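Structural overview
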Amino acid sequence: QQPVQSPQAVILREGEDAVINCSSSKALYSVHWYRQKHGEAPVFLMILLKGGEQKGHDKISASFNEKKQQSSLYLTASQLSYSGTYFCGTAMDSNYQLIWGAGTKLIIKP
Amino acid sequence: DVKVTQSSRYLVKRTGEKVFLECVQDMDHENMFWYRQDPGLGLRLIYFSYDVKMKEKGDIPEGYSVSREKKERFSLILESASTNQTSMYLCASSLGLTNTEAFFGQGTRLTVV
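Keep in mind that what you see is a predicted model, and the values were worked out from it rather than measured.

Time to look at the packing of aromatic side chains. In this structure the tally under the stated criterion is nine aromatic pairs over all chains. Taken together, a centroid distance of 5.5 Å and an interplanar angle of 80 degrees make the contact between Tyr-34 of chain A and Phe-104 of chain B edge-to-face. Taken as a pair, Tyr-34 of chain A in strand β4 (residues 30–36) and Phe-104 of chain B in strand β10 (residues 102–104) lie in two separate chains rather than in one. In this pair, the class of Tyr-34 of chain A matches that of Phe-104 of chain B, namely buried. Pairwise contacts between aromatic rings join Tyr-34, Phe-44 and Trp-100 of chain A together with Phe-33, Tyr-35, Phe-48 and Phe-104 of chain B into one cluster.

Right, here's the structure in full:
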């Protein structure tokens, strides 16, 4: 089942913080976060594993809620380059392929 | 620099044509994927392959087939293109299935007229 991302779109000023959520109906094994700019390939941001381990970039963090059914991606002190569409990909188990959300469009204004 | 390369950025094909989309990766990855991307729907998995000659159906395999004769190359085939297959197609590869980073190609924008 496709995870639900929220919000669908958000507009921020440079320097503000952003939180993007990815929700599933079942507990997750892993959540992957990618950013895609218009006309470009999605680019890896991070992976969050069910044990809390994170693999990714220093300026971006993510967490699970208590039931591990929702992940939140935290972008602090946003920069203009953070603009793009953010996708989460979720896996229930290590043996299943990722299922992707519909995306969250983030617009950062100067 | 690691790379996933898709053979075409833009393609225009006629209804009923057989269409081949090619993808090559240079990272020696076991897993390769074909997605289609439509506005508001995110990435939907068409097929994936976990080894040479091995393939698994994704969520929307109807009207598509794939071929993986060599580890580095994964082809998507539209047997008889239809207008509802007009979309952006993305290829990706990864070392693991769900716990490692996936690398995406630039995408192929296919228009079927």
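Applying the stated criterion across every chain yields a total of two disulfides over all chains. Across the disulfide from Cys-22 of chain A sits Cys-88 of chain A; the S-S distance is 2.0 Å. Every disulfide takes its handedness from the sign of the S-S torsion; for Cys-22 of chain A and Cys-88 of chain A that torsion is 75 degrees, giving right-handed. Residue Cys-22 of chain A is found in strand β3 (residues 18–23), and its partner Cys-88 of chain A is found in strand β9 (residues 84–91); the two are separated by 66 residues along the sequence. Grouping residues by exposure puts Cys-22 of chain A and Cys-88 of chain A together as buried. Here Cys-23 of chain B engages in a disulfide with Cys-91 of chain B; their sulfurs sit 1.9 Å apart. The S-S bond linking Cys-23 of chain B to Cys-91 of chain B shows a torsion near -75 degrees; that makes this disulfide left-handed. Placement of the pair is Cys-23 of chain B in strand β3 (residues 19–25) and Cys-91 of chain B in strand β9 (residues 87–94), with a sequence separation of 68 residues. Under the relative-accessibility criterion, Cys-23 of chain B is labelled buried at 0%. Look at Cys-91 of chain B and you get buried, because its relative accessible area is 0%.

Cut-offs applied
- Residues numbered from 1 in each chain as written.
- Chains lettered and ligands numbered in written order.
- Predicted model: local features only at pLDDT ≥ 70, side-chain atom pairs only at ≥ 80, totals over all residues.
- Heavy atoms only, no water.
- Phe/Tyr/Trp six-rings, centres within 6.5 Å; stacked < 30°, edge-to-face > 60°.
- Helix = DSSP H or I, 4+ residues; strand = E, 2+ residues; numbered from the N terminus.
- Buried < 20%, exposed > 50% of the residue type's maximum accessible area, 1.4 Å probe, protein only.
- Disulfide = S-S within 2.5 Å.

Remember that the coordinates give geometry; whether it matters functionally is a separate question.
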